[in-house]
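# Structure assessment
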Amino acid sequence: QVQLVESGGGLVQPGGSLRLSCAASGRIFSTNTMGWYRQAPGKQRESVASITSGGSTNYADSVKGRFTISRDNAKNTVYLQMNSLKPEDTAVYSCNAEVWSVALSRYLGVWGQGTLVTVSS
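What counts, and at which threshold
Residues numbered from 1 in each chain as written. Predicted model: local features only at pLDDT ≥ 70, side-chain atom pairs only at ≥ 80, totals over all residues. Heavy atoms only, no water. Helix = DSSP H or I, 4+ residues; strand = E, 2+ residues; numbered from the N terminus. Buried < 20%, exposed > 50% of the residue type's maximum accessible area, 1.4 Å probe, protein only. Polar contact = N/O pair within 3.5 Å; in protein donor to acceptor, adjacent residues only side chain to side chain. Disulfide = S-S within 2.5 Å. Phe/Tyr/Trp six-rings, centres within 6.5 Å; stacked < 30°, edge-to-face > 60°. Core = buried A, V, L, I, M, F, W, Y, C linked by side-chain atoms within 4.5 Å.

### Quick notes on the environment of K64
- With respect to the element layout, K64 can be found in the loop between β6 (57-59) and β7 (67-72).
- Judged by its relative accessible area of 49%, K64 is partly exposed.
- At a separation of 3.2 Å, a polar atom in the side chain of K64 contacts the side chain of D61.

Set out below in structure tokens:
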């Protein structure tokens, strides 16, 4: 089955940058929308950014102008370039991908385990 693995998290100072990657592995026939979510301590998980298979993007207002989502369809990988990081960006970042299920003839959402991003001086 399909699994997603995130990487690139870590500790960064305010104003710094990080690049997160999420690679889907397994029997991948196609992926539709892929996205990044985050959950800060004591808060609900929120959508950060998403990108369709055609490259259309959507961002949360809190990250517009600072984060950029991109994807490499050949590698079944989605990226999140995070610039001008703020302490409030501290969270566990998880990726999600809609993966085509041949058995069910529909897309299924698959989640990664998450990677921790800590923004602190």
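### What about the state of the cysteines?
- Under the definition given, this model contains one disulfide.
- Each disulfide pairs two cysteine sulfurs, and for C22 the partner residue is C95, the sulfurs being separated by 1.7 Å. Between C22 and C95 the disulfide shows an S-S torsion of about 50 degrees. By sign, it is right-handed. Here C95 lies in strand β9 (residues 91-101) and C22 lies in strand β3 (residues 18-25), a separation of 73 residues in the sequence.

### Details of the packing of aromatic side chains
- Evaluated as defined, the whole model comprises two aromatic pairs.
- Here W100 and Y107 contribute two aromatic rings whose centre-to-centre distance is 5.1 Å and whose plane-to-plane angle is 75 degrees, an arrangement assigned as edge-to-face.
- Assessed through its relative accessible area of 32%, Y107 is described here as partly exposed.

### Let's talk about unusual backbone geometry
- Even without being glycine, N76 reaches a positive phi, approximately 50 degrees.
- Of note, N76 is situated in the loop between β7 and β8 (77-82).
- On the accessibility criterion, N76 (17% relative accessible area) is buried.
- For S105, which is not a glycine, the phi torsion comes out positive at approximately 55 degrees.

### Regarding the nonpolar core
- Among the nonpolar cores identified, the biggest contains 31 residues, and W36, L80, M82 and Y93 are the most heavily contacted of them.
- Mapped by element, the contributors of at least two residues to this core are β3, β4 (31-39), β5 (46-51), β7, β8, β9 and β11 (115-119).
- Among the elements that line this core, the one with the most residues is β9, at five residues.

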